[in-house]
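Letter by letter, the chains look like this.
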Amino acid sequence: MKRIADSGAAIVLVFFMKLGLLQSVLTPENRMLCDSAKNMGISIELLLDSQLELLLTSPENEYGGILQRSSSYVKTLYSSFYFEHCGTFVCNPYKAHHLCGDKFLASTLLAKHKIPTPRTFGAFSADAARAAAAKLNFPVVMKPVFGSWARMVHRINDKDALDAELENREEMGHAFQKVYYLQEHIDKPGRDIRAIVVGQECISTVYRTSAHHGNFITNTSRGGIASKCPLTSELSELCVNASLVFGEGIYGVDLMERQDGSLVVHEVNHTAEFHRSIEAAEVDIPGKMVEYFVACSKR
Amino acid sequence: MQDMNCPECAGAIAAKSALQLGELLSCADCGTKLEVVGTEPVVLGRAPQVEEDWGE
């Protein structure tokens, strides 16, 4: 961005820096984001993370802004870190990806900032995990600290199931699989809520109802069905506050309703998907995301 | 529209004219999932597999 004239309060800015959308594949969301930009007359260059060659020892600031949409968590972290250190505006920033992508860190921070969240334990051995589960009472929910689309998110109904889960995890090679994350099971009404927050505004909320009766997984990537959810001021304020724990940006905030109707935030997603819920949301989600990204890139 | 062939089986790929980087296609002959890895000219490669760390 170059300042070419400055007279009084009127500052004329010419925006000519390149904008990029970093992706692993052209997902439906990425296609919608590109189409929205095109409709606004904004050029966003598509980049593939598999084709990046990043000269770490001499970073170059080629882009004014990078919209981070890589499907890979690991590549998201490294590329966000790199581009930020080039002086590029990255949406979302590295810190957001780092903290949201690790459920251990995210739960700790949500609680620290007084965001209502399910009671959660972290443990580093099978025995400590058993002791934590006893304190939570069965059923408990176990999740990997890294991961998405509800992979390996399990409801553990009793001690036998917990022992089986822990044995499987102990046999896995990766050290992160031996970081145990155990969460209070919320007896939700067969659905959860996905909110999209852009900047300091909650722009949409949808219910996600499990495709199969009795299945507690509600992710739309696993067959969950999206339907309209009223965006109340209470819901909006909670979602914005939850997202701001990780720094202003673009987020998908997931909430559950307790039996008494109170809400808990169980996850904040740093590269939110929305294509399966956009119809129910009845909001131009990609348009609002692009507007925010461009405005921040110009700052 | 540029003539394209599957990099795995050399079968002809029918695709719309305006392909975008990262777009996914399937080869009708061998079923291989393909990704557009270049657009000027169009270059096809084998699509990346969904990895353990993929998600949102």
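These numbers were taken from a predicted model, which means no experiment stands behind them.

**Student:** Help me out: how do you make sense of the interface of chain A and chain B in this one?
**Tutor:** Many analyses report the size of an interface as the accessible area lost when the parts associate. Between chain A and chain B, the residue contacts involve 26 residues of the former and 17 residues of the latter. Surface buried jointly by chain A and chain B totals about 1800 Å² across both partners, of which 46% is contributed by carbon and sulfur atoms. Taken together, the links from chain A to chain B amount to 2 salt bridges. Here Arg31 of chain A and Glu23 of chain B are joined by a salt bridge, their closest N and O atoms 3.2 Å apart. Our count for the contact surface shared by chain A and chain B stands at 16 residue pairs in polar contact (both at pLDDT 80 or more).

**Student:** Whenever I open this one, helix α1 (residues 28–39) of chain A confuses me. Can you help?
**Tutor:** Residues and elements named next belong to chain A. Taking 1.5 Å of rise per residue, the 12 residues of α1 would be expected to cover 16 Å, and the 16 Å separating its terminal C-alpha atoms lies within 8% of that figure. Along α1, the residues classified as buried are Glu29, Asn30, Leu33, Cys34, Ser36 and Ala37. Projection of α1 onto a plane perpendicular to its axis shows the buried side chains occupying an angular sector of 160°, all on one side. Turned more than 90 degrees from where α1 packs its buried face, Lys38 and Asn39 sit exposed. Looking at the packing, one finds that the buried side of α1 touches β3 (18–23), β4 (44–48), β5 (63–69) and α9 (285–298). Following α1 by one or two positions, Gly41 adopts a phi angle in the positive range, close to 75°.

**Student:** Where do I start with empty space enclosed by the protein in this structure?
**Tutor:** Where empty space is left can be seen by rolling a probe of water-molecule size over the atoms. Residue and element names in this part refer to chain A. On inspection of all chains with the given rule, the structure shows 5 cavities of 30 Å³ or more. Lining of the largest cavity is provided by 28 residues; of these, Lys143, Val153, Asn219, His266 and Glu267 occupy positions nearest its centre. Elements with a contribution of two residues or more to the lining of the largest cavity: β8 (140–143), β10 (180–184), β14 (249–257) and β15 (263–269). Per-element accounting of the lining of the largest cavity gives the leading share, 3 residues, to β15. Each residue belonging to the lining of the largest cavity can be placed in one class, and the counts come to 10 nonpolar, 8 polar and 10 charged.

**Student:** How should I be thinking about the sheet that holds β4 of chain A in this particular structure?
**Tutor:** Either a parallel or an antiparallel arrangement is found when strands of a sheet pair, and the pairing is made through backbone hydrogen bonds. Residues and elements named next belong to chain A. The parallel open sheet is built from 4 strands, whose spatial order is β4-β3-β5-β6. Taken across any chain shown, the strands that pair with only one partner, and hence form the sheet edges, are β4 and β6 (89–91). The mean angle between the axes of side-by-side strands here comes to 25°, regardless of whether they run parallel or antiparallel. The strands touched by helix α2 (residues 73–85) are β3, β5 and β6; relative to β5, the strand with the most contacts, the crossing angle is about 165°.

Calculation notes
- Residues numbered from 1 in each chain as written.
- Chains lettered and ligands numbered in written order.
- Predicted model: local features only at pLDDT ≥ 70, side-chain atom pairs only at ≥ 80, totals over all residues.
- Heavy atoms only, no water.
- Contact = heavy atoms within 4.5 Å.
- Buried area = accessible area lost by both parts, 1.4 Å probe.
- Salt bridge = Lys/Arg side-chain N within 4 Å of Asp/Glu carboxyl O.
- Polar contact = N/O pair within 3.5 Å; in protein donor to acceptor, adjacent residues only side chain to side chain.
- Helix = DSSP H or I, 4+ residues; strand = E, 2+ residues; numbered from the N terminus.
- Expected span 1.5 Å × (residues − 1).
- Buried < 20%, exposed > 50% of the residue type's maximum accessible area, 1.4 Å probe, protein only.
- Arc of directions from axis to C-beta.
- 1 Å grid on protein atoms, 1.4 Å probe; cavity = no way out; pocket = protein on both sides within 12 Å on 5 of 7 lines; lining within 4 Å.
- Points joined across faces, edges and corners; volume = space filled by probe spheres on them.
- Nonpolar A, V, L, I, M, F, W, Y, C, P; charged D, E, K, R; others polar.
- Pairing = 2+ DSSP bridges.
- Axes fitted to C-alpha atoms, helices over the stretch in contact; angles between N-to-C directions.

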